[in-house]
Each structure stands twice: as C-alpha cells, then as structure tokens.
Amino acid sequence: MEPYRIKVVEPIPVTTREQRQAALARVHYNLFDLRADEVTVDLLTDSGTGALSAAQLSAAMDGDESYAGSRSFHRFHDTVRELTGFPHILPVHQGRAAERLLASTLLGPGRIFLSNTHFDTLRANVALVGGEAWDLPCPEAEDLDSREPFKGNIDTARLKAVLEGPDGSRVAAVIMTLTNNGGGGQPVSMANLTLTAALCREHRVPLILDAARFAENAWLVTRREPGYRDHSPRQVAEDAFRLADGCTMSAKKDGIAHIGGFLGLRDSDLARRCELLLIATEGFPTYGGLAGRDLDMVAQGLREVTDPGYLRARAEDTAYLADVVRSAGVDIVEPPGLHALYLNAGRLLPHIPPHHFPGQALACQLYLEGGIRSVELGSLYLGTEDEHGAPLTSAPYELLRLAIPRRTYTRGHFDHIGRTLDRTVRDAHLVPGLRITEQPALLRQFRSKLAPVAL
C-alpha cells in the first residue's frame, strides 16, 4: 500500500466528447495549449505537478523571505550539499535555468556536449549558444521490447572514441541524464557511470549529471544492479553525485516541489562564472529566483524523495499502469521505469508515417476518447522537414509518454486510462495523422499548430 494517506483533495473536470473535440480544434491539436480545466487526467509531465507532503507545507510556513542570506537558503544549501557533496550550490527557478547557466558558460560555436540523451530544454540551450549536442545512447536502447535493465546507459565505446578522436578537443562536458528521459525513462547503472567518470577524468572533461530523477535512478539501481541490492537509494544517490563534477537539477521532479532547482559544481572558477550570469538573469545567489518558502519546500522534498517506502510505492504504481496498458494491447518501452511509461505509437498506428506524427496523433486520440493529456516523443519532437513539409529526418522511434505525477493519481485513474486505451486500440486504424501548419524555430513541440490529415 501507499506509505501515506490523502489529506486534501481537488475536483477534476469531466468533459464531453463534443467539448473535447472542440478543444482540440481550438488549440490546433497541440495539447500544451489546452486549459487545465479541460483535462481529466493530466499526464503531460511529472514536472512540478506532484502533491506536496504535510511536512513540505509546514516547512513553507517557516520560509524566510530575506533578499540575501536567508535562513531558508542556508537550510536548502546544507541539504543539497550533504546529498551531493558539491561545494558550490546555485539555486535557480527550475532545471532549464541551470542548463542555461552551464551551456552559456562552457559552450560556444563548435563546442560539444556529449550525453546518453540530451533532454529537450538542454538541447535547446546548447543550440542557443551555438554549441552541438551529441547523443551516444547504448546499443541496448535500440530494442524497445528487451528487458535489459540499464538501457539508459551511455555507449562508453563511442564515448571513448570521440574523446580520443579529432573532435575530442571540442568536447566541453559529458552530460549523464538520470534517468534517461529521452531514451524512454531508462536508468543508468553505477558501473556505466563509474566507467564514464574514469574516461572523463582521463581526458580532463567535466562529467555533469542531469539529476532531475536521481532518486528514481537510484531505486532502480538497488533493484537491478548486482552489488547494490544491499544499498539504500540514498547511498546510491550519494555515490553517483560523488562520481561527477557537477549537476543540473530540476527540483520539480525528484525535489517533489512545484518550482525550483539548482546547479551544483566542484570547480570554483566555473562556479564564479556561472554565479555572475545567475545574478544578472535569475537573482542573488542565495535565492536564485525562488521565494524562501520554495527553498524550504525543496529541501524537505529532497529529504523525502529517497525514502524506500515512497520509491517502492511509486514503482508499484507505474508497474500497475504498465500492466493496464499492456492489457489494452499497447506495447511500451520495456522495462518500465518510475516517472513515465513510453507507448510505442509507431507500432500501434502503422498506417501513419513518421512525418504525420503517430505519437501526437495517439496523444490527441487519448484526449478525445478520455480527456487524458500526454506528450509525444517522436518526430514532432526530433524530426525535421523542408520548407515544403517534406520529411528530412525522423525520430528513431515514435513514442507517446504518459508521465506520472508524484502522489497525485490513484489506481482508479489508471483504470480509466486502460478503458480509454481499449477504445482507442479497437479503432486504431481510424486515427488520422497530423501535419504542421505553423511552427517556431526551436522546441517546436511546445508551440506548433497542427491539423488532421485525411485518411
């Protein structure tokens, strides 16, 4: 059972199919533009959408709103430093701000970040400063159906080849995303992280963790990696941070908070350079764009998130939803992680080609059938077309992510998702593809407008 009881509840909207059809047309088939009161079950993201604990709300009441040097900052700083071991902690309003500080300081035209898979906002921040984002996922990640335990790993053979090759001098950092969100929410093993750290030290390249889901990665290590089964998630997390030279962190994920994050660094000179940019764009280094109450809630969330009871319940909820999805006849990226399930939309909708976005088509159909909001991770996210709309590149897989907010939905909501998928699968051949009618130059999945393509 869940290691908590529900103390406060919030009504959720229930709309008609006709209302949802009208909403889809109004937002041009981009679910980011839906109003929250038009969504029944919101699985768009697990970022900042979870339920706070009573202890977090209590901590907020003790928030110190002093501009500089608040008690809240020092409580936050001490908590983060104890967890990560990094001497320099810069608070920010969310993870992408930490990414921008790091990319703006380390990168420039021709400089490279290497990663198991870059998260979308990090990829955008790299592009904004003229850098290059290279993904080096491990070979096991190519088989979506295999139950290999650590498909989020970086390909260390390719990493070594790049670092030792003609492009090695252009590498500014290696970014390890824990868990690997763009790679299907798959974890990274401690063995892989240890080898990566050794390669980075050998070539004098900093290793940075994208630590948004560090606790969930640590939990999966304790369940799947021999040699760590007698470790607590907290011990694994501390070991992982101490292999790295720094981290970016969105506290909206494994800080179980609604806002916040931080940049942690070992190098004093790099920290000073990042701090200058922080002051100019985010705020003074002891608040970084956050209220004191937010700093206290993040600190409390970081203490709660490695609790084995909490992580076990989260894993069991995700496993339950995975069974529901499979029972509806929909394949997922195996094995399931904790923060999300990734549905194989390309396999479910083989009549829709990549440049008509089967993942987005499935997302729209789930909303139409059951008021469920989700997000595409396929060719709308990663593909490109020419000026006439003809495809240039497609994503390697056409996926739909169901992100699970922390401590928010019950298994009754998951059963509703299963019934919605049952109806969708029954008429899957009737689901239309989509075409882009308008798009921005960057991060197009957030702001594009689309229209159905006639079957």
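Residues numbered from 1 in each chain as written. Predicted model: local features only at pLDDT ≥ 70, side-chain atom pairs only at ≥ 80, totals over all residues. Heavy atoms only, no water.

An unreviewed UniProt entry annotates the protein as Tryptophanase originating from Streptomyces gottesmaniae. For the protein, the Sequence similarities (unreviewed entry) comment in UniProt is given as "Belongs to the beta-eliminating lyase family." (UniProt positions renumbered as here; feature names shortened; annotations may be inferred.)

*Asks:* Would you explain the nonpolar core in this entry?
*Replies:* Within soluble globular proteins, side chains that are nonpolar generally end up buried alongside one another. Grouped together as the largest cluster of nonpolar side chains are 55 residues, with contacts concentrated most on Leu114, Leu209 and Phe214. A per-element tally of this core places helix α8 (residues 214–224) first, with six residues. Not counting the four nearest positions on each side in its chain, Phe214 is found in contact with Leu83, Leu178, Ala237, Phe241, Met249, Asp254, Leu302, Val305 and Thr306. With 43 residues, the next largest nonpolar core counts Ile332, Cys364, Leu366 and Tyr409 among its residues. (Core = buried A, V, L, I, M, F, W, Y, C linked by side-chain atoms within 4.5 Å. Buried < 20%, exposed > 50% of the residue type's maximum accessible area, 1.4 Å probe, protein only. Helix = DSSP H or I, 4+ residues; strand = E, 2+ residues; numbered from the N terminus. Contact = heavy atoms within 4.5 Å.)

*Asks:* When you look at the side chain of His339 in this model, what are you seeing that I'm missing?
*Replies:* With respect to the secondary-structure elements, His339 resides in the loop between α12 (308–327) and β9 (340–344). Residue His339 is classed as buried on the basis of its relative accessible area, which comes to 1%. Engagement of the side chain of His339 in a polar contact is seen with the side chain of Asn181, the distance being 3.2 Å. With residues near it in sequence (within four places) discarded, His339 still touches Asp46, Thr179, Asn181, Gly185, Arg213, Glu216, Arg314, Arg401, Leu402, Ala403 and Ile404. (Polar contact = N/O pair within 3.5 Å; in protein donor to acceptor, adjacent residues only side chain to side chain.)

*Asks:* Can you walk me through helix α10 (residues 268–281) in this structure?
*Replies:* In an α-helix, one turn spans 3.6 residues; hence positions three or four apart end up facing the same way. The end-to-end C-alpha separation of α10 is 20 Å, in line with the 20 Å expected for 14 residues at 1.5 Å each. If you check which residues of α10 are buried, you get Leu270, Ala271, Cys274 and Leu278. Along the axis of α10, the buried residues cluster in a sector spanning 95°; they form a single face. Opposite the buried face of α10, at more than 90 degrees from it, the exposed residues are Arg272, Leu276 and Ala280. (Expected span 1.5 Å × (residues − 1). Arc of directions from axis to C-beta.)

*Asks:* Help me out: how do you make sense of the packing of helix α4 (residues 95–106) against α10 in this one?
*Replies:* The description of two packed helices rests on the angle between their axes and on the distance between the axes. Where α4 meets α10, the axes come as close as 9 Å, and the angle between the chain directions of the two elements is 125°. Regarding the angle of α4 to α10, the classification is oblique. Crossing hand, α4 versus α10: right-handed. Every residue of α10 that contacts α4 at Arg100, Leu101, Leu102, Ser104, Thr105 and Leu106 is listed here: Leu270, Arg273, Cys274, Leu277, Leu278 and Thr281. (Axes fitted to C-alpha atoms, helices over the stretch in contact; angles between N-to-C directions. Parallel < 35°, antiparallel > 145°, perpendicular 65-115°, else oblique. Left-handed = near helix turned anticlockwise from the far one by under 90°.)

*Asks:* I would appreciate a short explanation of unusual backbone geometry in the present structure.
*Replies:* Glycine aside, residues mostly have negative phi angles, and peptide bonds mostly take the trans form. In this structure, the amide linkage connecting Leu178 to the following residue, Thr179, adopts the cis form with an omega of -15°. A cis amide bond, omega -15°, links Glu334 with the succeeding residue Pro335. Among the structural elements, Pro335 can be located in the loop between α12 and β9. Notably, Arg407 is not glycine yet its phi reads approximately 60°, a positive angle. With respect to the helices, strands and loops of the structure, Arg407 is situated in the loop between β14 (399–403) and α16 (411–426).

*Asks:* I tried to follow the pattern of salt bridges on my own but got confused; where do I start?
*Replies:* Two side chains that carry opposite charge are able to pair once their charged atoms sit near each other. Inspection of every chain in the model, using the stated rule, returns 32 salt bridges. Close ionic contact of Asp64 with Arg71 constitutes a salt bridge, the shortest N to O distance being 3.5 Å. Given the relative accessible area of 10%, Asp64 is considered buried. For Arg71, a relative accessible area of 51% translates into the label exposed. With its nearest N and O atoms 3.3 Å apart, the salt bridge here joins Asp317 to Arg411. (Salt bridge = Lys/Arg side-chain N within 4 Å of Asp/Glu carboxyl O.)

*Asks:* What am I meant to see in the sheet that holds strand β11 (residues 375–377) here?
*Replies:* Taking strand neighbours across the sheet as the criterion, the three strands line up as β9-β14-β11 in an open arrangement whose pairing is antiparallel. Single-partner strands in this sheet number two, and they are β9 and β11. Ignoring strand direction, the axes of neighbouring strands in this sheet form an average angle of 35°. (Pairing = 2+ DSSP bridges.)

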